[in-house]
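A look at the structure
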Amino acid sequence: MSTAATAAPVIPAPAAAPRPPSPAGRNPVGAHVPVAARGPAGTGLAYARRVGAETVQVFVANPRGWATPAGNPAQDEEFRAACAEEAIPAYVHAPYLINFGSDNPATRERSAASLRHSLLRGHAIGALGVVLHTGSAVGAAPDGGSRRAEAMAQVRADVRPLLEELEALGDDAPWLLLEPTAGQGRSLCSRMEDLAEYLDALDGHPRVGVCLDTCHAFAAGHDLAAPGGVRGTLDALVAAAGPDRLRLIHANDSEDAVGARKDRHANIGDGLIGAEPFRELFEHPATAGVPLIVETPDRKHGGDGTGHARDITALKGLRARAALPA
C-alpha cells in the first residue's frame with residue numbers, strides 16, 4: 001500500500017517549543033515504566049535506571065478503567081525534580097478506553113473527564129506530552145452507513161474545550177500527542193494521511209502533536225520494512241501534519257504482517273519490521289530530537305525489565321550507526 005499522502009487541508013504550524021534535553025543527544029531512548037508501589041520516582045525511575053532508559057512514559061490512572069485518582073504531591077515533585085536533574089523527558093499515556101468518536105454519550109463524557117485528568121496529572125509531574133489514541137467511529141449512522149463525519153465533529157466538540165483548558169496551564173503545559181491506531185474497526189486515524197483531517201478538526205491547535213507507533217503504522221499498511229518505507233512513511237506524516245508535529249515515537253516491532261490491522265508488539269528485531277528500519281528512523285530529519293519509547297513485551301523475558309533493557313540497548317546501537325542528517 002502506498003505511503004503517499006493525499007490532498008489535505010492546510011494545517012497551521014505548531015508553536016515553537018524546545019526539544020527535550022538529553023545526554024543522549026539527538027534521540028533519547030527509553031521505555032514505558034511501571035509506577036505502582038512507590039510512585040513514579042520510587043518505582044518508575046528506579047526501573048528506568050535499571051533498563052538504561054533515557055526517557056520514560058507512565059500511566060497516571062488504570063489504562064483500562066475510568067477512575068481518575070488524585071496524585072501524591074510529594075511523589076509528583078520528587079519525580080519532576082529527578083527528571084529535571086537527570087535530563088529525562090517524561091510522557092503520560094492516557095487510558096485506552098477514551099473514544100470521542102463513540103455513539104454513547106456516557107463514553108464521551110467519561111472520555112473527556114479521563115483525558116482532562118491525564119493532562120492535569122501530566123502537568124503536575126512535568127510531562128512534556130500526553131499520548132491519546134485517536135479512537136474510532138463506533139456505531140452506525142441512521143441509514144446504516146458510516147458515522148465518520150459525525151464522529152469527527154464529536155472530536156472537535158469534546159477535545160477543543162480541553163485544549164483551551166490546556167492553554168490556561170501556561171507554557172509548561174504538556175502537549176496533546178495524537179497516536180494513530182493500527183486500523184482496527186472504524187478507526188478515525190490510522191494512516192498518516194488521516195492526521196490532516198484530525199488536526200483540522202482541532203483547528204491545527206499549536207500544542208497538538210503526533211506520537212508515531214511503528215507497530216501501528218506497519219499494521220495500518222505503511223511498509224516500514226520495505227526499501228524506502230521508513231522515509232516514505234515519515235514524509236507522509238509531515239505532509240499531512242506539517243513540520244515539527246512529531247514529538248514522540250513508540251518504537252515497537254510487529255508480530256503481524258504489514259496491513260494486518262493487528263496491534264501486537266514484538267521486541268526490536270524479533271518481528272516483521274526488523275531492526276534496520278529503526279536505524280532509518282534516526283536518519284530522517286523529522287525525527288530530530290524526538291524521543292523513542294519501547295512498549296515491547298517484557299513478560300516473555302521474565303517481566304523484570306530484561307526485555308526492555310535488551311530493546312533499549314539495541315536501539316542505542318542502531319542510533320550509534322545512524323547516518324544523521326547535517
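Preceding block: the structure.
Residues numbered from 1 in each chain as written. Predicted model: local features only at pLDDT ≥ 70, side-chain atom pairs only at ≥ 80, totals over all residues. Heavy atoms only, no water.

**Notes on helix α3 (residues 105-125)**
Cut-off, in case you're wondering: Put simply, DSSP marks the helices as runs of H or I at least four residues long and the strands as runs of E at least two long, and each gets a number from the N terminus on. Helix span is expected to be 1.5 Å times the residue number reduced by one. Each residue gets one of three labels from its accessible area relative to the maximum for its type: buried under 20%, exposed over 50%, partly exposed in between, using a 1.4 Å probe on protein chains only. Contact between two residues is taken to exist if any of their heavy atoms lie within 4.5 Å; hydrogens are not considered. Counting of polar contacts relies on pairs of N or O atoms within 3.5 Å, with two restrictions inside protein: one atom must be capable of donating a hydrogen and the other of accepting it, and residues adjacent in sequence are counted only when both atoms are side-chain atoms.
The first and last C-alpha atoms of α3 sit 30 Å apart over 21 residues, in line with the 30 Å expected at 1.5 Å per residue. Among the residues of α3, T107, S111, A112, S114, L115, H117, S118, L119, R121, G122, H123 and I125 are the ones counted as buried. Here the buried face of α3 lies against β2 (56-58), α2 (73-86), β3 (90-93), β4 (129-133), α4 (148-168) and β5 (175-179). Among the residues of α3, the N-terminal cap falls to N104, whose side-chain oxygen and the backbone nitrogen of A106 are separated by 2.8 Å. Looking one or two residues past α3, G126 carries a phi angle of roughly 80°, positive in sign.

**Describing the nonpolar core**
Selection criterion: Buried residues of nine kinds, namely Ala, Val, Leu, Ile, Met, Phe, Trp, Tyr and Cys, make up a nonpolar core once their side-chain atoms join them within 4.5 Å.
By size, the foremost hydrophobic cluster in this structure holds 75 residues, and its most contacted members are F100, L115 and L315. With seven residues, α4 is the largest single contributor of residues to this core. Among all residues touching L115, those that are not within four sequence positions of it are A94, I98, F100, V130, L132, L162 and L176. Core analysis: the next-biggest nonpolar cluster, separate from the first, contains seven residues, Y91, C211, L248 and I293 among them.

**Examining the packing of aromatic side chains**
We count it as follows: What counts as a ring pair is set by centres within 6.5 Å for rings of Phe, Tyr and Trp (its six-membered ring), and what kind of pair is set by the plane angle: stacked under 30 degrees, edge-to-face over 60, tilted for all other angles. The rule for a charge over a ring is simple: NZ of Lys or CZ of Arg within 6 Å of the ring centre, and within 35 degrees of the ring normal.
Overall, the coordinates contain one aromatic pair when judged by the stated rule. Judged by centre distance (5.7 Å) and plane angle (85°), the rings of F59 and Y96 are edge-to-face. One end of the pair, F59, is in the loop between β2 and α2; the other, Y96, is in the loop between β3 and α3, and 37 residues separate them in sequence. Assessed through its relative accessible area of 19%, F59 is described here as buried. Positioned above the aromatic ring of W175, the side-chain terminus of R247 is 4.2 Å from the ring centre.

**Topic: the layout of surface pockets**
In plain terms, the rule: A pocket, in this scheme, is an open set of points on a 1 Å grid over the protein atoms alone with protein on both sides within 12 Å along at least 5 of 7 lines, while a cavity is a set where a 1.4 Å probe fits but cannot get out; residues line either one if an atom lies within 4 Å of a point. Grid points are joined across faces, edges and corners, and a volume is the space filled by probe spheres set on the points. Lys, Arg, Asp and Glu make up the charged group, whereas Ala, Val, Leu, Ile, Met, Phe, Trp, Tyr, Cys and Pro make up the nonpolar group; the residues left over, Gly among them, are polar.
In this structure, the largest pocket encloses a volume near 980 Å³. Lining the largest pocket are 38 residues; nearest its centre among them are H32, V33, P34, F59 and P63. For the lining of the largest pocket, the secondary structure elements donating two or more residues are α1 (39-51), β2, α2 and α3. Residues belonging to the lining of the largest pocket are distributed by class as follows: 16 nonpolar, 13 polar and nine charged.

**Remarks on the pairing of β5**
Rules: At least two bridges found by DSSP between two strands are what make those strands a pair.
Of all five residues in β5, five are buried, a share of seventy percent or more. In β5, alternate side chains face the same way, and those of W175, L177 and E179 on one face and L176 and L178 on the other are all buried. The pairing of β4 with β5 spans five bridges and is classified as parallel. Bridge pairing links V130 to L176 in β5.

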